[in-house]
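Examining the three-dimensional arrangement
Now for the letters of each chain:
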Amino acid sequence: MTLLRVEGLTKYFHGLAAVQEVNFSIHLGEIVGLIGPNGAGKTTVFNLITGFLKPTQGKIIFRNEEITGLFPHQVARKGIGRTFQATRVFEEETLWQNLITGCHGWLNSGWIQGFLKTSSFMKEERASRQKAAEILDFIGLLPLKEERAKNIPQYAHKKLAIALALATEPQVLLLDEPFSGLNTHEAEGIMSLIHKICGQGVTILLIEHNMKVVKNLCERIIVLNFGQKIAEGSFHEISQEPHVIEAYLGGESVS
Amino acid sequence: MSIFFQQLINGIILGSVYALVALGLTLIYGILHVPNFAHGMIYMLGAYVSYFLVVEYHLNFFAAVGLSMIIMAGLGVVIERVFFRPVQGASRINAFIVALSLLIILENGAVLLWGAEFRKFPPLLDQQVSFWGISITLQRLLMTVATALLILVLHFFVQKTLVGRTIRAVGQDREAALLIGVNPNRVGSMVFALGSALAAAAGSLIGPIFLVHPHMGMAPLLKAFAIIILGGMGSIPGAILGGLILGVIEGLGAGYISAAYKDLFAFGAMVVVLSVKPSGLFGREEK
């Protein structure tokens, strides 16, 4: 089943095409890699899908509903979570507060009910506390829950950003270079975390540079170069493509 | 010694009003990064609204203050929606110019509507209270209590409630807040409403002590900017403490040296603090 589809996605910056006529689909339960050289337009694609940028042309369809041009908070509410390359979390708050805020970003009861502490609000409040604890436990950050985000190491910080994205209960999670700056051991930790998240029924689209990681993790790979899609398929398939070898790997063969 | 306590109390009273104005300003700056020069004019308009409610409609003073806060909160929402939201995402200087224009429009609008004359609230609660050799009017005492109460309510609201949590979230990291589904426009309206209500409260509470006139907003506006720079831009505890510090310095300086130099002491303190700690007392270091 197709969960997310982009059609003819195009973005011009001052007359220059950052993304041009890109089409792809993401199916339920997949782990898909989005790769390409620097400046290929990978992060721009993420920004277009999540509403941080408005496409010049093209459509974004999520669960058979067009979401092109929605605002970022609306896209988040539809069920698309994301992380940024530079992790964006609430630095001054503890991990626990981060997650509570994340689970609370939008409740069904309004703020007047929150002020009056109505029973429906209290019920949601309890539910979000439980959810926050569950996510921290799932991610493996429960022991650090009283630490402020700005004081935890980079590896934990990356995990926190993923935890925060999970707080909105996304159906698709977009991860922008989740392994950058991590050592091999830590990268393996994130990899097994991604598998675990996928095992919970969350579909994953990730941007990555490290070919070994992509090879091991992604069932399907989309290759961008100069804003255009130049290949799509399994790692084996794309690594045979002359375009990919030339553009992405500088003429050397991949294995 | 009694002159010390007298001036200390006077300083705290003045400082708590400064803190109230600065709180609104720092809240708006912290969330929307708008230097809201119109804030002092909301303070002035709030005082006028209270004045007319008391003088023309014979409303109880505190009821008038409450109503004025609600009306100014509404005006704050309109100002955010009509003037500041369209320039969001544009260059910072645009919001700066919009704010400056609003200041001029509102101040001159007040002159046009109500004339430049000074207006005086009818005396209310002007009996003296004396203790420990200090004497203050009951009205000043009540004003300080009301201010402290408002600061406490705001603190509770921002720290403990759900809306407060989303406000803090946007203040800390706008992108992260968007990712968890927070609507930044709603937070913008909320912050402008809160800030404007606080400014209206400050203007209304100070009205009976000083006088109401179209230019009454300028001095507190400048002081409030000094305070939020002193306390750290966007910091709530910084605004409260900064306001009190400024008030006390002014009070003591006026008592021991000369009232004519009180602004010199206040801004001198700001310069000294900034030279030692450039991000302000509670400011976060820029990354």
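Residues numbered from 1 in each chain as written. Chains lettered and ligands numbered in written order. Predicted model: local features only at pLDDT ≥ 70, side-chain atom pairs only at ≥ 80, totals over all residues. Heavy atoms only, no water.

1. What to know about the overall build of chain B
When helices and strands are tallied, chain B shows eleven helices and two strands. Listed by position from the N terminus, the elements making up chain B come as α-α-α-α-β-β-α-α-α-α-α-α-α. Taking 287 residues into account, the globule formula puts the C-alpha radius of gyration at 19 Å, and chain B, at 19 Å, falls close to it. Going through the 287 residues of chain B one by one, you find that 56% of them count as buried. In chain B, of all internal contacts separated by at least 6 residues, the share reaching a separation of at least 24 is 76%. (Helix = DSSP H or I, 4+ residues; strand = E, 2+ residues; numbered from the N terminus. Rg over C-alpha atoms; globule rule 2.2 N^0.38 Å. Buried < 20%, exposed > 50% of the residue type's maximum accessible area, 1.4 Å probe, protein only. Contact = heavy atoms within 4.5 Å.)

2. Quick word on the domain arrangement of chain A
As a measure of interface size, the accessible area lost when the parts come together is often cited. Residue and element names in this part refer to chain A. Assigned domains of chain A: these are domain 1 (1-79 + 170-255) and domain 2 (89-167). In this structure, domain 1 and domain 2 have C-alpha centres spaced 27 Å apart. With 17 residues of domain 1 at the interface, the matching set in domain 2 holds ten residues. Approximately 1300 Å² of surface area, both sides summed, lies buried where domain 1 meets domain 2, with 74% of it carried by carbon and sulfur atoms. Counting across the interface, domain 1 meets domain 2 through zero salt bridges. The interface formed by domain 1 and domain 2 contains three residue pairs in polar contact (both at pLDDT 80 or more). Elements supplying a minimum of two residues to the side of domain 1 that touches domain 2: strand E7 (172-176) and helix H7 (184-199). (Domains from an automatic or database assignment. Buried area = accessible area lost by both parts, 1.4 Å probe. Salt bridge = Lys/Arg side-chain N within 4 Å of Asp/Glu carboxyl O. Polar contact = N/O pair within 3.5 Å; in protein donor to acceptor, adjacent residues only side chain to side chain.)

3. Looking at the layout of surface pockets
Residue and element names in this part refer to chain B. Roughly 480 Å³ of volume is contained in the second largest pocket. Taken together, 24 residues line the second largest pocket, and the ones lying closest to its centre are Leu14, Tyr18, Ile206, Phe210 and Lys262. Residue assignment for the lining of the second largest pocket shows that the elements contributing at least two residues are helix H1 (2-32), helix H5 (138-160), helix H9 (218-231), helix H10 (236-256) and helix H11 (262-276). With six residues, H1 is the single largest residue contributor to the lining of the second largest pocket. When its residues are assigned to classes, the lining of the second largest pocket shows 14 nonpolar, five polar and five charged. (1 Å grid on protein atoms, 1.4 Å probe; cavity = no way out; pocket = protein on both sides within 12 Å on 5 of 7 lines; lining within 4 Å. Points joined across faces, edges and corners; volume = space filled by probe spheres on them. Nonpolar A, V, L, I, M, F, W, Y, C, P; charged D, E, K, R; others polar.)

4. Side note on the nonpolar core
Counting 141 residues, the largest nonpolar core has Ile139(A), Ile162(A), Ile194(A), Ile197(A), Leu217(A) and Ile167(B) as its most contacted members. Domain assignment of the residues forming this core places at least three in each of domain 1 (1-79 + 170-255) and domain 2 (89-167) of chain A. Each residue touching Ile167(B), except ones within four places of it in the same chain, is listed here: Ile31(B), Phe157(B), Val187(B), Met190(B), Val191(B) and Leu194(B). (Core = buried A, V, L, I, M, F, W, Y, C linked by side-chain atoms within 4.5 Å.)

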